[in-house]
2 protein chains.
Amino acid sequence: MKTYPLEKVFELIEPGPVVLVSTAHKGQANLMAMSWLMPMEFTPPLIGCVTGPWNFSYRALRATRECVIAVPGVDLAEKTVKIGNCTGADVDKFKTFRLTPRPAAKVGAPLVAECLYNVECRLVDATLANKFGFLVLQAVAAWTNPVRRDRRTFHANGDGTFVVDGRPLNLKQWMTKFPQFV
Amino acid sequence: MKTYPLEKVFELIEPGPVVLVSTAHKGQANLMAMSWLMPMEFTPPLIGCVTGPWNFSYRALRATRECVIAVPGVDLAEKTVKIGNCTGADVDKFKTFRLTPRPAAKVGAPLVAECLYNVECRLVDATLANKFGFLVLQAVAAWTNPVRRDRRTFHANGDGTFVVDGRPLNLKQWMTKFPQFV
């Protein structure tokens, strides 16, 4: 895995892919699937997400204040959904779904070797955690897997169906005031 | 336009499409493009988004506490980017970009007739507005445009390129515990 620039982390989140979130707590690495997230700032790169106390990973994330957001390619779609439909309380997800944990540089949670990108995050704001399950994460390191040729991600429709990335559209010529387009 | 069920509003936001946000303030209807948003709750349907005081629409949204989130199809991609690259302080965007404002049912901001979906929203939480430009909206009415056959949306990569919805992927068979997958 190669380092990925922190100032471009928002570009991984903005298109709205389904992601995996890894945590490590009390000696146990775990994974969850997440689709309720968005970029909140370019630099330092902030990411907002919603989860909640019913979730095993949420408790690990609140306790350790660290996680890794991993962006899976479309080849991992089925595994990602299965990961989202069982709990770390019962299952060793890395082992069960044959994914490879790799040590991160700045956080205790592991990277997911098979994913396209990995973003190491620290929890920086939990003001709205109790009211909405809303957490603000700051990316502190990021990685890309350059070996992967197929860079297509997939997006959740929320009903068990998904949509895979289709054709690219280059509209750079109209982006005269880039930062307004958020 | 036909009514769209409120409990399914999160399904419009979760895949991460670029949206238009309409506001109406001091007799002026306006539009902005937005890509930093996510669902936060199923029912009542809550949507989190990030914008800020540099933005003309932000001031209208804070003052009126109302807006419409309109989901454009890929046919409106170029117009959407142009809308995101000029300001309502200078331009009558509905007129300039030949989009049709329609009266909403519950808010003062207009619907955008050409879009696939329109979601009428009220601002319900601005706790993190000053710190992060983060606003929580509640959907109070929603509409679908059933005439439109092509339902493809588009996603922003953040660099002036976009990705159009590609092939669908049905993984319902693995969604045994649906609400965890968020």
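Everything that follows concerns the structure shown earlier in this document.
Residues numbered from 1 in each chain as written. Chains lettered and ligands numbered in written order. Predicted model: local features only at pLDDT ≥ 70, side-chain atom pairs only at ≥ 80, totals over all residues. Heavy atoms only, no water.

Caption draft 1: Up close: the sheet that holds strand S11 (residues 154–156) of chain B. If you walk across this open sheet you meet the four strands as S11(A)-S12(A)-S12(B)-S11(B), and the pairing is antiparallel. Either end of the sheet is taken by a strand with one partner, and the two such strands are strand S11 (154–156) of chain A together with S11 of chain B. Each strand of the sheet is rotated relative to its neighbour by a mean of 40°, with strand direction disregarded. Of the pairings in the sheet, the one linking S11 of chain B to strand S12 (residues 161–170) of chain B comprises three bridges and is antiparallel in character. (Pairing = 2+ DSSP bridges. Helix = DSSP H or I, 4+ residues; strand = E, 2+ residues; numbered from the N terminus. Axes fitted to C-alpha atoms, helices over the stretch in contact; angles between N-to-C directions.)

Caption draft 2: Structural detail: the interface of chain B and chain A. Listed by partner, the interface residues are 64 residues for chain B and 64 residues for chain A. Of the roughly 6,200 Å² buried between chain B and chain A on both sides combined, carbon and sulfur atoms contribute 63%. Our count for the chain B to chain A interface comes out at two salt bridges. Taking the shortest distance from any N to any O, the salt bridge between Asp 125 of chain A and Lys 131 of chain B comes out at 2.7 Å. Applying the counting rule to chain B against chain A returns 20 residue pairs in polar contact (both at pLDDT 80 or more). In terms of residue count, S12 of chain B provides more of the side of chain B that touches chain A than any other element does, 10 residues in total. Here the side of chain B that touches chain A is built from residues that sort into 35 nonpolar, 16 polar and 13 charged. Two elements, strand S12 (residues 161–170) of chain A and S12 of chain B, share seven bridges in a ladder whose sense is antiparallel. Looking at S12 of chain B, one finds that Asn 170 of chain A is bridged to Thr 161 of chain B. (Contact = heavy atoms within 4.5 Å. Buried area = accessible area lost by both parts, 1.4 Å probe. Salt bridge = Lys/Arg side-chain N within 4 Å of Asp/Glu carboxyl O. Polar contact = N/O pair within 3.5 Å; in protein donor to acceptor, adjacent residues only side chain to side chain. Nonpolar A, V, L, I, M, F, W, Y, C, P; charged D, E, K, R; others polar.)

Caption draft 3: Geometry of the environment of Glu 41 of chain B. Among the structural elements, Glu 41 of chain B can be located in strand S4 (residues 37–41). When its relative accessible area of 32% is taken as the criterion, Glu 41 of chain B is described as partly exposed. For the pair Glu 41 of chain B and Glu 7 of chain B, spaced 34 residues apart in sequence, the C-alpha to C-alpha distance is 9.4 Å. Among residues more than four places away in sequence, those in contact with Glu 41 of chain B are Trp 36 of chain A together with Phe 10 and Leu 46 of chain B. (Buried < 20%, exposed > 50% of the residue type's maximum accessible area, 1.4 Å probe, protein only.)

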